Amino acid sequence: MQSTDLGNKESGKIWHRKPSPATHDGIIVNIVHSTSEYHPKVLRFLSVAFDGSGDSFIAGDHLGNIYTFDLHGNRFNLVQRTAQACTALAFNLRRKSEFLVALADYSIKCFDTVTKELVSCMRGHESSVCSISVHASGRYAITTSSDTAQLWDLDTFQRKRKLNILQSVGIQKVFFLPLSNIILSCFKDNSIFAWECDTLLCKYQLPAPPEGSSMLYKVFAVTRDGRMLAVGGKSNHLHLWCLEATQLFRIIQMPTKVRAVRHLEFLPDSFDAGSNQVLGVLSQDGIMRFVNIQTCKLLFEIGSIEEGISLSVISPHGRYIASIMENGSLNVYSVQALTQEINKPPPPLFKVIEDLPSSSSNLKMKIMPGRVQQSARCKESKIQTRILKQDLTSNLENKENKLSEGLSRKRLQILLKGYGEYPTKYRMFIWRSLLQLPENHATFSSLMDKGTHVAYLNLQRKYPIKSRKLLRVLQRTLSVLAHWSTIFGEIPYLPLLAFPFVKLFQNNQLICFEVIATLIINWCQHWFEYFPNPPINILSMIENVLAFRDKELLQHFIDRNITSQLYAWPLLETVFSEVLTREEWLRLFDNVFSNHPSFLLLTVVAYNTCSRVPLLSCTLKDDFEYFFHHRNNLDIKVVIREVYHLMETTPADIHPNSMLDAFAALTKGQYPIFNQYPKFIVDYQTQERERIRNDELDFLRERLAAVKRELKIKEICLQDAARRRLLKVQQDQCEMELRRLEDEIKRKVQMRDQEIVATTNDLEMRQLELESQKRLYEKNLTERQDTVAKEIREDAEAYRQKMAVEDHMFQELLESSQMRSMEARRVTEDNLAKAKQACLKADWQIQALQRQKCDDLQRSQGYHEVATLLRKNRRREIEILNAMMEEEARKWKEAEEKQFHLQSEKKASALSDASRRWFLKQETSAALERGDSLSEDVPWFQREDMASTHLSQTSQLNDVPEMDPSTQIFSSKKTKEWNHTDYDLLKKVRNLRERLTAQARNRCEPPHLLVT
């Protein structure tokens, strides 16, 4: 078993080596869809559906990925990603590349597998859609949910009808019957109704199940011919309904291990004509069992308890089974491999080893299952009889390749008279045995190699058959017949005669040709002797038999001027295919091929006599023509019985049996020569057709030459027109390009104007911001200056108070010592005054120098700062604020340093004051001591000098507060200088902005356009 992982691939091969499925499981390939993420997981398939050919199917997973799988071409393709779970699929639409998908959002969408595009979306359901059924024509579709069913027109994708029911009842399934125009609706209360699709009138209702049955119907399956309905539910019983008789005709009991049925599907067979005999039953244990509904025997199984199946779909031709497993993977099974052991043609019941003696007529045998009971006489006569166990479960895929040599025409006729028809499953096999087909493959291949005959090149125009395959097979079969005998290329009704056989044997063209050839040689004897007229001799036979059987009807035909070409020839040239259904036609030809060739002619008489009542009521020729070209309400069993009655009661002189040869099979190796026709007429028609064909060819050549000339003229005209259109287009393109350039220039000019306006506004806003920042800075600076001046005044006041205290102390000292040293003080006052004057002069010079030095330092620092700011402004205008912030930080730092210097000065001043007080105290005490001594020893002028010295020191102490106003003047002067510096800086910034704006405007000036 091969396994394929789709992964993230959008296309690829399904298998990489030729599959060889095993007999025990029959699996061709196992398909898995897993993701390649960090934590890989398997995407579960939910729905699967085959197309009409049966070689391709479509599958969708729970994430909405829809893939197509071509089993014939070994390819898969990702056709759509719907991103929603798929609840139902349908792939058998009229347009073969389209499919329907029902999604989790209750919508139904139609996609194309070739273009991968959405064709249409249909909405209307209010719950999840569980099934989609498509009409046999592909024009209509029925979608079913739990609460409603809706009929859609797939040509317009519009809702045509809607089935509404009571919520308490509920819908199980609504679907089309195959090959019919009937809709079957199944409800949860076990009621089943049949409706006409066009009128939606109730055609019939199936009766209720038997009273003893408690099973609720849940799953349904219909045979391909639409005649049988299989129903299952939560039980191990299956109910088989005959839809034609509207009655339950069989109940099948499954094994006890089956407790519920989850899905039913009939297995098609190429030779059962749609009446499928094998039913697939999927039970609750995940195993699908295939049983024969006639013999109730189990044929084979797929799936197991470990690897259970959740859903299975069988291809229309019955070759493949696609099953969705419970683990989410997809298995494709080969039916041929599963039925390899039982796929054999049925052997005969008995094989005679030696002939019986004449006295063996008294031998009686009773067939028992697997045993034969014989009389004692049989044992004594040493007759050996062996029973070959009949395999009733055979699949007939290879029945056309194997023939049984033990079938007896008499036994088949007995079987046919007993049942009225051959078993559907073995009908094609019996026909081949009855007609003794030689299967000349080499001869048939040589005829096929000659290609399509000239007479049937345009067959589709006269016979527009919907199926391309069927049309192609019909064309090939008619061409082989025409190559075999010339007359078959001239007969206009040959497609009508061959069509039912082509449709029946379209999968085996060799058998189809040999069946038609055998029919023509035996049952169409003397048909072509009066060509191109109908076979008057054959029609005369039919008229004679009709005159013998029903003179009144024949007289009615004569009175209404109705000849045998109207009431007999339409039935013969179409071999009853226009007036009979498929099942009736097959039943009829079971009897035709089992009897003498005259049986077909008597069938025409029997059809007329059995329809005498409606025919006698017809008076117009159009009514007769309609009657013999359309189906009528006639029981074919009655017609066949009438034919057998005519075979036995017709006199020998008018019986067709005496005028027609017995059955003669085709020769083996080479097909016989067929020349039973007027050769000169056929040759003449062939020559005339060839002449007409040559004339037509000559006319076509002339016409072709004329058309070529016309085309040449038209080509020249078209070239001129195209040249003119090209020039006009080029001119229009140039004009459009010019307009585009003008629009582009206008747009750029407008953009530049807008940029200039925006730049101007931005500059103005920045200027306003700078002015506001300036005012804020000036305000802050004023507040700081006021604070500093206040602190200075407070310090000066404190210093003044301190000096006042010291002066007071010193005055007290002086007053205390004045009385004692009045004379000495006068002497020293002059010296003190001179010393004071010298000290003051030196102090003022020192202060002036210090003031000039500080001014120079501050001026140089200001120059450097302004130069730095100017360089920064020239580099980037946006860094002005940062520069000011840095300058502010630097000023703060400088203020902190000056504050620190001031504190240190204050500390030094305090130390000097302390030392001075200590010095004054020491000097005072020393002066007092010396005063006492001087008052006694020093002359009076020295005392005056001492007094002047003391006075100078006192005046020096008193002059210290007088320096405070100068300090205040320096502080105010410094503030004015800083204000003037800031003003100059802002003025320079403003000038810089104006220069930048002017440069921007000069760059944005629009270029002067050169007008030509």
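Please refer to the structure higher up on the page.
Let us look at the structure shown here. Sequence order as written defines residue numbering, which begins from 1 separately in each chain. Under the rules for a predicted model, residues below a pLDDT of 70 receive no local features and side-chain atom pairs below 80 are neither given nor counted, while totals for whole chains, interfaces and linings still include all residues. Derived side-chain values reflect all non-hydrogen atoms in the structure, with water molecules and hydrogen atoms excluded from consideration.

1. With respect to the environment of L243
Helical segments are the DSSP runs of H or I of at least four residues, strand segments are the runs of E of at least two, and each set is numbered from the N terminus. Within the secondary structure layout, L243 lies in the loop between β22 (237–242) and β23 (247–253). Judged by relative accessible area, L243 falls into the buried class, the value being 4%. For L243 and Y204, which are 39 residues apart along the polypeptide, the C-alpha to C-alpha distance reads 9.2 Å. In what follows, residue pairs with any heavy atoms lying within 4.5 Å of each other are defined as contacts. Not counting chain neighbours up to four residues away, the residues in contact with L243 comprise L177, Y204, L206, G226, R227 and L229. When accessible area is computed with a 1.4 Å probe and restricted to protein chains, residues below 20% of their type maximum are described as buried, those above 50% as exposed, and intermediate ones as partly exposed.

2. As for the environment of I324
Summarising the element assignment, I324 is placed in strand β29 (residues 320–325). For I324, a relative accessible area of 2% gives the class buried. In this structure, the C-alpha to C-alpha distance between I324 and I309, residues 15 residues apart in sequence, is 5.9 Å. Apart from residues no more than four positions distant in its own chain, I324 is found in contact with F45, L46, S47, V48, I309, S310, L311, S329 and L330.

3. With respect to the sheet that holds strand β25 (residues 278–283)
The four strands lie next to each other as β24-β25-β26-β27, forming an open sheet whose pairing is antiparallel. Edge positions in the sheet fall to β24 (261–267) and β27 (297–302), since each of these pairs with one other strand and no more. Averaged over all pairs of adjacent strands, the angle between their axes in this sheet comes to 25°, without regard to strand direction. Pairing of β24 with β25 involves six bridges; the strand directions are antiparallel. The residue of β25 that forms the bridge with L267 is V278. Criterion used throughout: strands pair if DSSP finds at least two bridges between them. Where helices are involved, their axes are fitted lines through C-alpha atoms of the stretch in contact, as for all axes, and angles between N-to-C directions lie from 0 to 180°.

4. Quick look at the pairing of β27
Pairing between strand β26 (residues 288–292) and β27: five bridges, direction antiparallel. Paired with V291 across the two strands is L298, which belongs to β27. Linking β26 back to β27 in an antiparallel pair, the connection comprises four residues, with C296 at a positive phi of about 60°.

5. Details of the side chain of S329
Within the secondary structure, S329 sits in the loop between β29 and β30 (330–334). Under the rule applied, a polar contact is a pair of N or O atoms within 3.5 Å (in protein, one hydrogen donor and one hydrogen acceptor; residues adjacent in sequence only if both atoms are side-chain atoms). Among the polar contacts made by the side chain of S329, one reaches the side chain of N30 at a distance of 3.4 Å. Within polar-contact distance, the side chain of S329 engages the side chain of N327 at 2.8 Å. Each residue touching S329, except ones within four places of it in the same chain, is listed here: N30, I31, V32, F45, S323 and I324.

6. Structural notes on the packing of helix α5 (residues 441–448) against helix α9 (residues 509–523)
Look at α5 against α9: their axes get within 11 Å of each other, and the N-to-C directions meet at 95°. By the angle between their axes, α5 is roughly perpendicular relative to α9. For the pair formed by α5 and α9, the contact residues are H441, F444, L447 and M448 on the first element and Q509, L510 and F513 on the second. Ten residue types, Ala, Val, Leu, Ile, Met, Phe, Trp, Tyr, Cys and Pro, are classed as nonpolar, four, Asp, Glu, Lys and Arg, as charged, and the remainder, Gly among them, as polar. Considered class by class, the residues forming the contact of α5 with α9 number five nonpolar, two polar and no charged. For classification purposes, angles smaller than 35 degrees are called roughly parallel, those larger than 145 roughly antiparallel, those between 65 and 115 roughly perpendicular, and all remaining angles oblique.

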